[in-house]
Amino acid sequence: MDASALLVETFDRLPDLVREAVDGLSPQQLCWSPAPGTNPIAWLVWHLTRVQDDHLAEVLGEPQIWAGGDWAQRFGLAADPADTGYGHTAEQVAAVAPQDAAVLVDYHVAVAERTRGFLSRLTDADLDRIVDERWDPPVTLGVRLVSVANDDLQHVGQAAYLRGLLTAQG
């Protein structure tokens, strides 16, 4: 298996995991959290998708999917491409209020489709390209993609765990 196929396999698992975490939940359930200051399912899925959208747009040199259409409005937010959820306060976390579960899935699928298209064209040599010189050592495309996958998988797992807590409460 080449690196491109491995990355496609990794990222292609995310849309189904996102669906499993949110399908059938009401907007209130999506915004539920087990304790003050904890992140709800809606925020976790929005954030993991925002990070993927942001980072892939940067390496592609293209606008974020978030910046087009009515995505922000459907989440009750401003269309700020710099807002990925990183460093959010409790109030900012609570402001992420998707209309329904479908908007979380739809936004994620739109980002996932672009990601898949990009990953399917990668060569092993592409993964060595430096994409961020603000770090020491500078970040390669391969390291950036592993970082995004790692973040996404952690957050979708957290969302699935929260769904289990929520549904166990009846």
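Everything that follows concerns the structure shown earlier in this document.
Residues numbered from 1 in each chain as written. Predicted model: local features only at pLDDT ≥ 70, side-chain atom pairs only at ≥ 80, totals over all residues. Heavy atoms only, no water.

Draft legend 1. The overall build of the protein, seen in detail. Within the protein, the secondary structure is distributed over 8 helices and 2 strands. Starting at the N terminus, the α and β elements of the protein follow one another as α-α-α-α-α-α-α-β-β-α. Its C-alpha atoms give the protein a radius of gyration of 16 Å, within 12% of the compact-globule value 15 Å for 170 residues. Overall, the C-alpha framework of the protein stretches about 50 × 30 × 30 Å when taken along its three principal axes. Taking all 170 residues of the protein together, 44% fall into the buried category. The long-range fraction of contacts in the protein, counting pairs at least 24 apart against all pairs at least 6 apart in sequence, stands at 71%. Carbon together with sulfur atoms contributes 53% to the accessible area of the protein, which is approximately 8700 Å² in total. The average position of the 11 basic charges and that of the 25 acidic charges among the side chains of the protein differ by 3 Å. (Helix = DSSP H or I, 4+ residues; strand = E, 2+ residues; numbered from the N terminus. Rg over C-alpha atoms; globule rule 2.2 N^0.38 Å. Buried < 20%, exposed > 50% of the residue type's maximum accessible area, 1.4 Å probe, protein only. Contact = heavy atoms within 4.5 Å. Areas by Shrake-Rupley, 256 points an atom, 1.4 Å probe, with all protein chains shown as cover. Lys, Arg positive; Asp, Glu negative; His and termini not counted. Charge placed at Lys NZ, Arg CZ, Asp CG, Glu CD.)

Draft legend 2. Just helix α8 (residues 141-168), in detail. With 28 residues, α8 extends 41 Å between its outermost C-alpha atoms, agreeing within 8% with the 40 Å of an ideal straight helix rising 1.5 Å per residue. Inspection of α8 places L141, G142, R144, L145, V148, A149, D152, H155, V156, A159, L162 and L166 among the buried residues, and these make up the whole buried set. (Expected span 1.5 Å × (residues − 1).)

Draft legend 3. Examining the packing of helix α4 (residues 41-60) against helix α7 (residues 101-120) more closely. Where α4 meets α7, the closest approach of the two axes is 10 Å, and the angle between their N-to-C directions is 30°. Taken as axis vectors, α4 and α7 run roughly parallel relative to one another. Remark: the crossing between α4 and α7 carries left-handed chirality. Note on element contacts: α7 touches α4 through L104, Y107, H108, V111, A112, R114, T115 and F118, opposite A42, V45, W46, L48, T49, R50, Q52, D53, L56, A57, V59 and L60. Counted by class, the contact of α4 with α7 contains 13 nonpolar, 4 polar and 3 charged residues. (Axes fitted to C-alpha atoms, helices over the stretch in contact; angles between N-to-C directions. Parallel < 35°, antiparallel > 145°, perpendicular 65-115°, else oblique. Left-handed = near helix turned anticlockwise from the far one by under 90°. Nonpolar A, V, L, I, M, F, W, Y, C, P; charged D, E, K, R; others polar.)

Draft legend 4. View of helix α2 (residues 14-22). Those residues of α2 that sit buried are L14, P15, V18, A21 and V22. Buried residues of α2, seen end-on, are gathered within an arc of 125° and therefore sit on one face of the element. The inward-facing, buried residues of α2 abut α1 (3-12), α3 (27-30), α4, α7 and α8. Of the residues trailing α2, G24 is marked for its positive phi of about 85°. (Arc of directions from axis to C-beta.)

Draft legend 5. Representation of the packing of α4 against α8 in the model. Orientation of α4 relative to α8, taken along the N-to-C sense of each, is 170°, at an axis distance of 8 Å. The orientation of α4 relative to α8 falls into the category roughly antiparallel. Of the two elements, α4 crosses α8, and the hand of that crossing is left-handed. On the side of α4, the interface is formed by I41, L44, V45, H47, L48, V51, Q52, H55, L56, E58 and V59, while α8 contributes L141, R144, L145, V148, D151, D152, H155, V156, Q158, A159, L162 and R163.

These figures capture arrangement, not role.
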